[in-house]
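# Close look at the chain arrangement
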Amino acid sequence: MRPLRAEIYLNRLRDNYRTLKQIHGGKLLAVLKADAYGHGAVRCALALEDLADGFAVACIEEALELREAGVGKPIVLLEGVFDAAEYDLVDKHGLWPVVGSQWQLEALLNHDWKEPVKVWLKMDSGMHRAGFFPHNYAPAYHTLKQSPKVLDIVKFSHFACADDADSGMTDIQIETFDAACHGLSGEESLTNSAAMLAYPTARRDWGRAGLALYGVDPFLEHDSRIKPVMRLSTKVFDERVLQPHEPVGYGAIFYTKRSTRVGLIACGYADGYPRRASTGSPVAVNGVRSRIIGCVSMDMITVDLNGTDGAIGSEVELWGDKIDVNEVAQSAGTIAYELLCNVKRAKFVYID
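So, a few notes on the structure that sits alongside this text. (Residues numbered from 1 in each chain as written. Predicted model: local features only at pLDDT ≥ 70, side-chain atom pairs only at ≥ 80, totals over all residues. Heavy atoms only, no water.)

## Some details on the pairing of strand 3 (residues 54-57)
Side chains G54 and A56 project from strand 3 onto one buried face, and the interleaved F55 and V57 project onto a second face that is buried too. In this sheet, strand 3 lies alongside strand 2 (residues 27-31) in parallel orientation, the contact comprising three bridges. Residue pairing in the sheet places A30 in a bridge with F55 of strand 3. Here strand 3 runs beside strand 4 (residues 75-77); their pairing, made up of three bridges, is parallel. Counted as the bridge partner of A56 is V76 from strand 4. (Buried < 20%, exposed > 50% of the residue type's maximum accessible area, 1.4 Å probe, protein only. Helix = DSSP H or I, 4+ residues; strand = E, 2+ residues; numbered from the N terminus. Pairing = 2+ DSSP bridges.)

Encoded structure:
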């Protein structure tokens with residue numbers, strides 16, 4: 001059997017949730033969109049259900065998967081509905097829809113609700129991706145508030161630059177949100193993972209824990225308060241010794257500078273490992289840091305075994321306890337979100 005393995009530590013997931021809730025205060029949504037950032041939404045939801053105040057997903061399909069698995073906690077649809085007919089399912093399954101556009105608002109009010117619905121009303125406080133503009137926000141709020149079809153409204157927005165400590169954008173967005181919400185009663189939600197950790201003034205009634213819930217520091221450092229939930233590993237299945245000035249892999253982009261023991265491992269870009277993370281991307285061979293050499297192939301990667309005791313059968317960690325997924329992402333010119341969400345063809349092992 002191919003030895004590529006993704007270990008998901010559910011105990012760490014639970015610990016991370018407790019830590020983030022203590023930091024944020026109030027109530028905390030566990031964000032499970034994109035199959036829980038590649039970790040397995042159902043398994044993560046079931047592990048968190050006795051702790052979490054609620055969950056958040058991107059779309060109705062993700063919410064229904066959780067409901068069908070027996071998850072009964074509140075579920076927020078972060079992108080709302082994509083068609084007015086989806087409000088039938090929102091009503092049936094007791095979901096909390098985001099309303100971020102005029103058509104979503106009108107469709108909600110036109111729907112024949114069996115039970116009044118809790119709405120998350122989104123403001124575009126500066127990201128300019130979705131939500132009501134600040135000058136349109138109060139009118140939308142009052143329209144919903146006056147309807148007997150609406151049980152309650154959570155006012156919220158999303159930050160564009162919360163993971164950039166040097167940007168003033170988050171402070172501007174907080175000020176914009178507070179000004180537009182002045183005099184509007186009800187709960188609020190502003191913090192994503194980065195804002196939860198770095199912007200105390202953004203901590204309101206509800207937090208939304210995404211990347212940090214899975215143990216990844218959104219500031220590309222290593223926050224000791226949170227632990228990585230996924231450990232991706234494989235094994236060396238072949239080895240060779242190359243003399244100095246020998247090329248390795250497609251394109252001959254790497255030449256050895258000395259006698260080099262080269263290990264061949266079972267993983268590649270078809271498994272979700274980024275092709276751009278070629279020579280220099282870190283790995284750990286039997287717990288000792290080393291590097292990829294040459295180009296990442298579809299199913300295989302070559303690694304430098306010099307300075308390690310690596311041999312055929314040795315374990316190679318691609319990210320997890322020894323190798324921060326942020327390091328791999330930086331070497332590939334991307335972000336950890338993309339790497340975690342793209343893992344496939346690995347054997348997923350859930351550890352309580």
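Structure shown, so let's carry the discussion forward.
## Comments concerning unusual backbone geometry
The backbone of A34 shows a phi angle near 55°, a positive value even though the residue is not glycine. For A34, the position within the fold is in helix 2 (residues 33-38). By relative accessible area, A34 is classed as partly exposed at 36%.

## Details of the nonpolar core
Within the largest apolar cluster, 111 residues are counted, with the highest numbers of intra-cluster contacts made by L32, L108, Y273 and W319. Dropping the residues within four chain positions of it, L32 is found in contact with A41, C44, A45, F55, A56, V57, L66 and Y214. Judged by nonpolar contacts, the second largest core, of five residues, contains L242, V248, V262 and I293. (Core = buried A, V, L, I, M, F, W, Y, C linked by side-chain atoms within 4.5 Å. Contact = heavy atoms within 4.5 Å.)

## What to know about helix 1 (residues 10-24)
Between the first and last C-alpha of helix 1 there are 21 Å, a value that for 15 residues agrees with the 21 Å anticipated at 1.5 Å per step. For helix 1, the full list of buried residues reads L10, R12, L13, N16, Y17, T19, L20, I23 and H24. Contact partners of the buried residues in helix 1: strand 1 (5-9), strand 2, helix 3 (41-48), helix 9 (193-198), strand 9 (206-209) and strand 18 (347-351). Phi turns positive, to about 80°, at G25, one or two residues after helix 1. (Expected span 1.5 Å × (residues − 1).)

## Quick look at the pattern of salt bridges
In this structure the tally under the stated criterion is 21 salt bridges. The residue R5 makes a salt bridge to E7 at a minimum N-O spacing of 2.8 Å. On the basis of relative accessibility, which here comes to 30%, the residue R5 falls in the partly exposed class. Classification of E7 by relative accessible area gives buried; the value is 8%. Put simply, E187 and K27 hold a salt bridge, and the shortest N to O gap is 2.5 Å. (Salt bridge = Lys/Arg side-chain N within 4 Å of Asp/Glu carboxyl O.)

## Structural notes on helix 8 (residues 169-180)
Along its twelve residues, helix 8 runs 16 Å from first to last C-alpha, staying within 8% of the 16 Å computed at 1.5 Å per residue. The complete set of buried residues in helix 8 reads T170, Q173, I174, F177 and A180. Within helix 8, the buried residues cover an arc of 140° as seen down the axis, which keeps them to one side. Of the residues in helix 8, the exposed ones pointing more than 90 degrees away from the buried face are E175 and A179. The elements touched by buried residues of helix 8 are strand 6 (117-123), helix 7 (134-145), strand 7 (150-157) and strand 8 (187-189). (Arc of directions from axis to C-beta.)

## Notes on the side chain of D304
If you trace the backbone, D304 turns up in strand 16 (residues 300-304). Its relative accessible area of 6% is what places D304 among the buried residues. When sequence neighbours within four positions are dropped, the list of residues in contact with D304 reads T260, R261, S290, R291 and I293.

## Concerning the packing of aromatic side chains
For the coordinates displayed, the defined rule picks out eight aromatic pairs. Judged by centre distance (6.2 Å) and plane angle (15°), the rings of Y273 and W319 are stacked. Residue Y273 is found in the loop between strand 13 (260-266) and strand 14 (282-285), and its partner W319 is found in strand 17 (residues 315-319); the two are separated by 46 residues along the sequence. Across this residue pair, the class does not change: Y273 and W319 are buried. Members of the aromatic cluster, connected to one another through ring pairs, are W96, W120, F156 and W206. (Phe/Tyr/Trp six-rings, centres within 6.5 Å; stacked < 30°, edge-to-face > 60°.)

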